[in-house]
Amino acid sequence: MSCPIESDLKRHMQNLDEQAAEEKHLEENPSYYYLVRAYKFEAKLEWEEYAYSEKEKNKHIAAAKEAGLIHTCKKEIVELNY
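In what follows, the accompanying structure is described. Since the model is a prediction, treat every value here as computed from it, not as a measurement.

**Topic: the packing of aromatic side chains**
Stage number 1. Summed over the entire model, instances satisfying the criterion amount to two aromatic pairs.
Stage number 2. Summarising the aromatic geometry, the rings of Y33 and Y50 are spaced 5.7 Å apart at their centres and angled 55 degrees between planes, so their arrangement reads as tilted. One end of the pair, Y33, is in strand β1 (residues 32–39); the other, Y50, is in strand β2 (residues 45–51), with 17 residues separating them in the sequence.
Stage number 3. Here Y50 falls in the partly exposed class, since its relative accessible area comes to 40%.
Stage number 4. Centre to centre, the rings of Y33 and Y52 are 6.1 Å apart; their planes meet at 45 degrees, and the pair counts as tilted. Of this pair, Y33 sits in strand β1 while Y52 sits in the loop between β2 and α2 (54–66), placing them 19 residues apart in sequence.
Stage number 5. Pairwise contacts between aromatic rings join Y33, Y50 and Y52 into one cluster.
Stage number 6. The ring of Y34 has K57 lying over it, and the distance from NZ or CZ to the ring centre is 5.1 Å.
Stage number 7. A cation over an aromatic ring shows up here: K75 above the ring of Y32, its NZ or CZ 4.4 Å from the ring centre.

The rules behind each value
- Residues numbered from 1 in each chain as written.
- Predicted model: local features only at pLDDT ≥ 70, side-chain atom pairs only at ≥ 80, totals over all residues.
- Heavy atoms only, no water.
- Phe/Tyr/Trp six-rings, centres within 6.5 Å; stacked < 30°, edge-to-face > 60°.
- Helix = DSSP H or I, 4+ residues; strand = E, 2+ residues; numbered from the N terminus.
- Buried < 20%, exposed > 50% of the residue type's maximum accessible area, 1.4 Å probe, protein only.
- Lys NZ or Arg CZ within 6 Å of the ring centre and 35° of its normal.

This is the structure we're talking about:
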């Protein structure tokens, strides 16, 4: 029978290896999202939406234009949260 402390340490080290591999993959192949915000003329935020594709981003921008709102769009890298 193995020692419980060794088993816990081995499991912890495997988790760290998996986390490091995931971080490396995301650094080499980043994912992006777009944050589209729409404002009224007095710079009051009307709404904000997240888009995970160009098509979805363009849909949100078109909705803002159709509503007569000023819009901004910012491209961001998806970050890991642990």
